[in-house]
Each structure stands twice: as C-alpha cells, then as structure tokens.
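A look at the structure
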Number of protein chains: 2
Amino acid sequence: MFEIDRNSKVLLVDQIRTAIIARIEAFQWVQGSRLPSVRALARQLGVSIFTVSSAYEDLVAQRVIESRPGAGYYILPTDPAGTKHLEKMVPPSSLHAGFLYRALDPSQYDTPVSSGYLPPSWLADAVPASVTGRLIRSTLSCSVPAPAAGSQELRSVIAKKLRELQINASSSQIVVSIGATHAFSLIRNVMLEPGDYLLVEDPSYLLLQLKLIKDRDFNIITVPRTVDGPDLEAMEAMVKEFRPKLFLTQTLVHNPTGGNTSPAKGFRILSLAQKYDFHIVEDDIFGALCARQTLRLSSLDEWNRTFYLSGFSKVLSPALRLGYVVAPPAFVERLVEQKMYNVLCGSSLDETIVAYTLESGRYQHHLDALRQRVMQERTRAREWLGKLGVEFDEGAAEGLFLWARFPAQVDLRRLIEQAHDARIFLAPGSLFSNTRDYDQYLRLNVSHCNDPRFRQFLDAHLCSETASA
Amino acid sequence: MFEIDRNSKVLLVDQIRTAIIARIEAFQWVQGSRLPSVRALARQLGVSIFTVSSAYEDLVAQRVIESRPGAGYYILPTDPAGTKHLEKMVPPSSLHAGFLYRALDPSQYDTPVSSGYLPPSWLADAVPASVTGRLIRSTLSCSVPAPAAGSQELRSVIAKKLRELQINASSSQIVVSIGATHAFSLIRNVMLEPGDYLLVEDPSYLLLQLKLIKDRDFNIITVPRTVDGPDLEAMEAMVKEFRPKLFLTQTLVHNPTGGNTSPAKGFRILSLAQKYDFHIVEDDIFGALCARQTLRLSSLDEWNRTFYLSGFSKVLSPALRLGYVVAPPAFVERLVEQKMYNVLCGSSLDETIVAYTLESGRYQHHLDALRQRVMQERTRAREWLGKLGVEFDEGAAEGLFLWARFPAQVDLRRLIEQAHDARIFLAPGSLFSNTRDYDQYLRLNVSHCNDPRFRQFLDAHLCSETASA
C-alpha cells in the first residue's frame, strides 16, 4: 500500500490523504476503483479507524472519492472543471508572485540554492528550547491580545539591541509588524498617496516584490545600484525630476548584489533627502549578518528623515513572523493606525518568544556564529564557482548572497529550467531588475550553494554548455 | 524603594524601568536626584547587576536619566518636546483608532465591560498545554516559512471543521490570514477599486473599523441592520442606486446587536447579490458562540458570490493571531498574491498550534462549554440590567454582546467618562453607527458585564442619575 511517517510534523490524516491523491495522480488507482475499507487500511497502517475515516471524509469533500452507503469508498472521475486537484494550491501565475510563492514552499525543491533563508540546521538552536515550553503556556493562558504597537517588553529589548548597532531609538518609536514585508507595507500606506513616486534601487529584491503592486497605488522609479551604494549622479537627476516621496534602500549587505553603501555615500544620500525633501526607508533585514561595517543611515540621521526596518525571520526562525519599523516620532501614530486597520495587532506568542530570545545571552553568540559560517561558505562558494568561469564583484565581500555573473556562452534560461527539473531552485537576475542588464546573473545563497548536488549539477551542465559552444 | 514581581510575565528589567518612571511621574524622585547605584539596587531587589544596569541604560537612551561617569545616574529634566515620556505609547488621537487601541490594551482598564474578547480564565484550557511544548520545539527547529496560503495541515482541518457548520469548502479555497481583520483587508484589496462602493450594516463593528480607512480607497454606504438582518427594502434601494461591489455582513450573533439573519432574509440577500451583481463577505468570527441557528450565507451560496471569513482570537486565544478566508475559487490566487505582498506569509508557529488544537478532541467540548457559559452570563446580565431600566431587543437572544439601550434620562457620555475614571471600559453605541440613532446605546460584553465592580458602578450612577433627573 503506502507508508506513513510517525515522526513527521504532517498529521497522519493528511499523510494518508496525500498518499491516496498521489496514487490517483500516478494512475495507480483509477476512476471507479474501490478503496480499501476504513478498518482494513487502519489495521494495515497501524493507525486508528478515526484517522482513516477522517482522511476519507476529506477526500469525499474534495470530490476525489465518493462514499456509496453499504458498499465503501470509490474513486470519482476527474472533475472537468479541475476542482478535484485544487487541493494542492497552485502557485500564482504571474512571474513574480509565482517566484515568491515557490521561494516560500520548501517542498518544491531539494536544493534551494537561491532561497532567501538560511538552512534549518543553522537555526536549530536559535530560540532557546528550554525557555519556550514555559513561555508558551503562560502567554497563551494569559489570553490578552498584543498591544497594537507591539508589546512593551519586545520594543524595549529591540531598542536595546539597536543601540549595539549604534542606532539610538526610543522604544516608543518602534512599531512591531508581521515581518519586514509588512513593515514596508505599513510605511508605504502612511507615506505614499496615489500618483506619488517611490525610488528604489536596481537591482534589488524590493523591486521584485514591488512588481506585485498594482500601478494604481503609486509610481516606481529606479536608480542603478552599484557595489558601494546607489549611483548618486543618477539619483540626483531622478529625485530632481520626479520628486519621489520615499527612497527605499538596503545600506548593508544589499540583496542581491552583496555590497555595502559607503559612509560617504550615506552622508550624501541624506543630504539629497534634505535638499529634495524625501524620506528614506532603510531595510536592514540582513544587516545582522554584516561583520565589518556598522554605519547605517539611521545612525547618521537619527529619525529626521529615515525609517528603519528589520525582522527576525532570517536570523531566528522563518517559522516566526516578526519584524518592526523604527519611525521618526511624527509618523508613529499613523503607523499604528495603519497596522490596526490592516491586521489589528500581532501575535503575542511570537512577540513573547522573540523578546525572550533577544534577552537571552546566547543570542549574540548565535549571531556571531552565523556571521562566521556565512563568511566561510561565501569564500568556499566563490572559489569553486570562480573556477567554472562565474564572476563576482570584488567589492561585495559579505552577506548571504552572491550576485553571480555567468559566462556569456551559458544559456541561463535553460540552466534554470534544468535545475528546476533536478529540484534545484535558482533565481534569475532578471527578477531583481527592470533592465536587461542582469539577464546573465543568478542570485545565489551562500548557505545553500555549496550543496554537493548543486555543485555536481553545475559541473555537469556548465561543462556541456562550454563543450557545445 | 519598590517591589518587583518574579511571577510576572513582564521582564524584570522592564519592571524596574517602569517603577522608576512611575516615581518620577509622581514627583517622588525629582530632576537632578541621584539614583541608587546599580550594585545597591540590585542587592536590594535581589536581582542581577546586569538587570539593573540594563534598566538604567534603557532610561538613559530614553533621556529619562543620564549617566555621569564616576558619579552615577541622575534624573534629567523633563524634555520640553515631550520626548521623555514617549516611552509609554500614546493612543492614536482619532476617536475610532483610539477606541480600538485602548480596546487592545488590557492594562488600561480593570473591568473591560465593552471588550470584544472573552476573559482570560475562560480560555485558559483552550489550547492543550500538554501539546504545545513539543510542538513549539519541532516547529521552530524545522525553520521553514509557512506557505503563502497557510499550511496544508491547517487548511485541511479548517475545511473539516467548516463541514460541521454545513459549510462545504475545499482546503484549496482557504487562505490563512493574520486574524479576521487581515482577512477582510485582503478581500478589500482584491475586490475594490478606488471609487467603488462597499455596503455595510449600520450599526456594525465593521463600520467602526472602516472609519479608519482614508476616503481615497473606496466609498462606504450603509444599510440599517435590524434584529433579523439588514433592512432589505433599504438594501435594494441602495444597491440599485450605488451598485456596490461588496456587501459586508455578520449573519449570526451580529456585533453589536446580537441578532441573527433569518434564513429567508439570507436567501433574499443572495438573490439581490445575483440581481445586482455584487459579492458578499460573511464575517463569522463570533459564529462559534451561536448555539441555535447554523444557517450561514456561505452554506446557501457555496462559493458563487460569498467570501467567508473567521478567526481564532475569540474562542482560542487573543495571544494567537490567526484567521482565514474561504473564497470563491476564482479569487484564491489573487488573495494569496495580496497576502504575499502585504505580509509575505504567516507564522508557522501560530498555524501549527491552531491546527493541532482544532484536531484535538477537546476543541468541541471547549466550544460547547463557552457557548453555555456565554448563555448563562447573558441571561444574568439581562436580568439585573433590565431592573435598572436598560432595554434589549427580544429578538437578540444569543452571543457575546448585549446592545443595551439606556433610559433617556441617563447622560451616557458622562457615564462613560465616569466609568473610564473607575477603570471600567464602556463603548458607546455611536462608535458603531454613522447615525445618531444609537447615542443612547452601549455595547456590553456579557462575559465581563456581571463583574461586581461594574454592577456596583452602574447601581450607584444610574440611581443618582434618576434621582437628579
């Protein structure tokens, strides 16, 4: 029949249902076949009758099987409207939404070389296991919603951690959000009116995500991102012409290029903001992985024109959704209003776990260890990729991402498709840009790209490409 | 000095900081005073030096105190710009946002008579304590983000629970959200263009929240809500004239009126939707507390024109933020896209806890017990309030809320202010309506309103009102 895994996080009832659907999809069980009786399957799998009958009931509701009273369960014909296999959620059809959707679904790939996350094993001890059991029980039985701005405990400890980065903020300026994406979504709603201009870097991850937005919301304009920050001449020309309300940037370990904005450029960006009257959103979700430079725009500006945003999915656990904004004081109240209207408030549970984790002494050790490990893997990856003719900008020396330029003779589109078939996830440079300048680039995550499966794949395919060229 | 509570959920460092601010605000410690040394205070409170110095450092960053090297810590003068006490987040100034903000902050009131939540003690056992410890550890160490639509486990078990309510949905139609508010925010973004009309009931909670929205988003029009559903004549006139895209309604145990839409009215609402081509959003967050009627619009319509939304903050724990939409299949993909752009994905932790809790056998018992308890408290509250001359609609016999009409001679505004001073939270009817028709109403939560403190307060104040009238 099929096997079930008692150690899996997947409920038994779902394992059974998924296994049955898989058999039907593989034509091992065909329309009109009778399923094993509930009792027989339960005995065979060593599970309760209730579990099997729940799985069957689910399949009946999904119109995959039907119950014929007194006779058992039978496989239904495939619904012509396609509702039958709707069970498995289909990735959105648009290129960008589809990419993000797949990037979030670990079941789609064995080797997520272009993922934005660290491997689970790197984060296994990030949240102290000894603490959570007690915390969860007291938090849940306390049964009060989180304050709209986030808990005072969490905001205080975030303010404390920020001071270690030379960012001086009061906890009252901090609004906790459902991750960094949500933080930017709140800022956008407060700061941009329809028709306003938003300036973003090209290439950038943010551009990828912004492509999801309908045009009606605001206009997006771009400035080229070079390895030490935005191209300032181009930037001044843009802000002069379009007078954007916001400039969105990653100062440190920029995604995808890996570069840091130099302090001198940082100062000039703030001067431009003053001269042309725009605000800055500094996205620092990867900043904790930056070992060398610590100067952020927020340190220089001290809440005159800069919003700072970050989150904990990258360095603590993607299973938590928790980010925050530090805002100039005048905008805090409106951010809280936006949050209440959008999600009312956050999860006390997630807020409590993060607050305790940040307070725990091991957090700093965890970050130090991550940084070191990222650096090691980065060096290793550059070495072997370099031998295959892949090129990198010398100035991008830190962080999670390699912005990898492949030799001109490599058909990257084909390579990405072949990788997909081998269950390897690769993100093309074109996703991060509005230009064609990065069609020969891939964004690679150094914590995944030394996986032997990717190395073998690339060895095999780049050699054959070169041979056939 | 002051006391600290080791059993409190509040971090020691925050307890110390709050106690110091309280002393300064009460003028017990004045500008220029020297604080106890870190070592002395640590010894006195029996906490670590690290804890006290963290609290002091926080206060330095907040500019409440300053560190004079070699001399100790001193209290700073109050900052004229008011930044000093910004620490305590101020509720937003607009009436509606301020109300929601305070409703979420349990520290503001002792007796939350108009709260939207159940008392913590009623939910203490809702999430099985024996399960969570293990679950949290495996979920966090698994370290993968939740799928954009929500985990398959959770969506399957929600689909199963919905079938018990005679709502037949495939798990693929379910999009998990950050609570029910977020669910509606996603639907709104998918369904409404600027300039479109949204029809809501008056009175309703939704109206309260919608008042937060800027006008630019869409236009809000209202239909009077009577005890057995919307006034259908008025509704047809409105939809004929304005052609709204969406109608937002609570079929069962309507908030704040407490009534249910009759099945006959439900059928006629769906007929209107067909005739005038609009969609319906059925908000069912309180439906689980409804003991008698089970017919929802979603059961009748089966995903032709109806979005169903609900959540778990009310019946499981407000410390979790988890809701969902069941959408007509054609809109699922766009809802997932909206969610990815807004928050990327949800919290795996919260999703896992809810999925396991719903699967557990005790969930149904928990709901049954809640329903019974709500009913008992409702009966008790109506009895004593009735004796004070407070009136209720006979048709509203179920659910968490009493829509209480106070005698004409009671100055409700004054009563609410006096209650506020007594740390009793009362929500005026005017918050739930665009008309002046409910100025003499309060929304009362039956699970809080038999609190002796409220009873004494009302006894005292209504008698004096009557005497002075």
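Residues numbered from 1 in each chain as written. Chains lettered and ligands numbered in written order. Predicted model: local features only at pLDDT ≥ 70, side-chain atom pairs only at ≥ 80, totals over all residues. Heavy atoms only, no water.

With respect to helix α16 (residues 412–421) of chain A
All names here are of chain A. Those residues of α16 that fall on the buried side of the exposure criterion are L412, L415, I416 and A419. End-on, the buried residues of α16 take up no more than an arc of 100 degrees, which puts them together on one face. Those residues of α16 that are exposed and angled more than 90 degrees off the buried face are R413 and D421. Measuring from the side-chain oxygen of the N-cap residue of α16 to the backbone nitrogen of R413 gives 3.3 Å; that N-cap residue is D411. Looking one or two residues beyond α16, the residue adopting positive phi is R423, at roughly 60 degrees. (Buried < 20%, exposed > 50% of the residue type's maximum accessible area, 1.4 Å probe, protein only. Helix = DSSP H or I, 4+ residues; strand = E, 2+ residues; numbered from the N terminus. Arc of directions from axis to C-beta. Polar contact = N/O pair within 3.5 Å; in protein donor to acceptor, adjacent residues only side chain to side chain.)

Digging into unusual backbone geometry
A negative phi holds for most residues other than glycine; trans holds for most peptide bonds. Residue and element names in this part refer to chain A. Here N255 and P256 are connected by a cis peptide whose omega angle stands at 15 degrees. One non-glycine residue, R423, adopts positive backbone phi at about 60 degrees. By the secondary structure assignment, R423 is in the loop between α16 and β12 (427–428). Judged by its relative accessible area of 33%, R423 falls in the partly exposed class.

So, the state of the cysteines
Inspection of every chain in the model, using the stated rule, returns zero disulfides over all chains. With no disulfide of its own, A:C290 lies closest to A:C449 among cysteine sulfurs, the gap being 19 Å. (Disulfide = S-S within 2.5 Å.)

Observations concerning the domain arrangement of chain A
Interface size, as often reported, equals the accessible area lost upon joining of the parts. For chain A, the domain assignment lists domain 1 (12–75), domain 2 (95–122 + 364–466) and domain 3 (130–360). Distance between the C-alpha centres of domain 1 of chain A and domain 3 of chain A: 48 Å. (Domains from an automatic or database assignment.)

Quick look at the sheet that holds strand β11 (residues 401–405) of chain A
All names here are of chain A. Ordered by their spatial adjacency, three strands build an open sheet running β11-β13-β12, and the pairing between neighbours is antiparallel. Strands at the two margins of the open sheet, each flanked by one partner only, are β11 and β12. For β12 and strand β13 (residues 441–445), the ladder comprises two bridges, and the chain directions are antiparallel. Across the sheet, residue A427 finds its bridge partner in β13, namely R443. Packing of helix α15 (residues 362–387) onto the sheet brings it into contact with β11 and β13, and relative to β11 it is tilted by some 10 degrees. (Pairing = 2+ DSSP bridges. Contact = heavy atoms within 4.5 Å. Axes fitted to C-alpha atoms, helices over the stretch in contact; angles between N-to-C directions.)

Re the packing of aromatic side chains
Residues and elements named next belong to chain A. For the structure shown, the criterion picks out 24 aromatic pairs over all chains. Look at W384 and F454: their rings are 5.9 Å apart centre to centre, the planes differ by 70 degrees, and that puts the pair in the edge-to-face class. On the criterion of sequence distance, the pair formed by W384 in helix α15 and F454 in helix α17 (residues 452–468) is long-range, its members being 70 residues apart. A single burial state applies to W384 and to F454, both of which are buried. On the basis of an interplanar angle of 85 degrees and a centroid distance of 5.9 Å, the ring pair of W403 and F432 is categorised as edge-to-face. Residue W403 is located in strand β11, and its partner F432 is located in the loop between β12 and β13; the two are separated by 29 residues in the primary sequence. For the pair W403 and F432, one class covers both residues: buried. Lying across the ring of Y74, R68 places its NZ or CZ 3.9 Å from the centre. (Phe/Tyr/Trp six-rings, centres within 6.5 Å; stacked < 30°, edge-to-face > 60°. Lys NZ or Arg CZ within 6 Å of the ring centre and 35° of its normal.)

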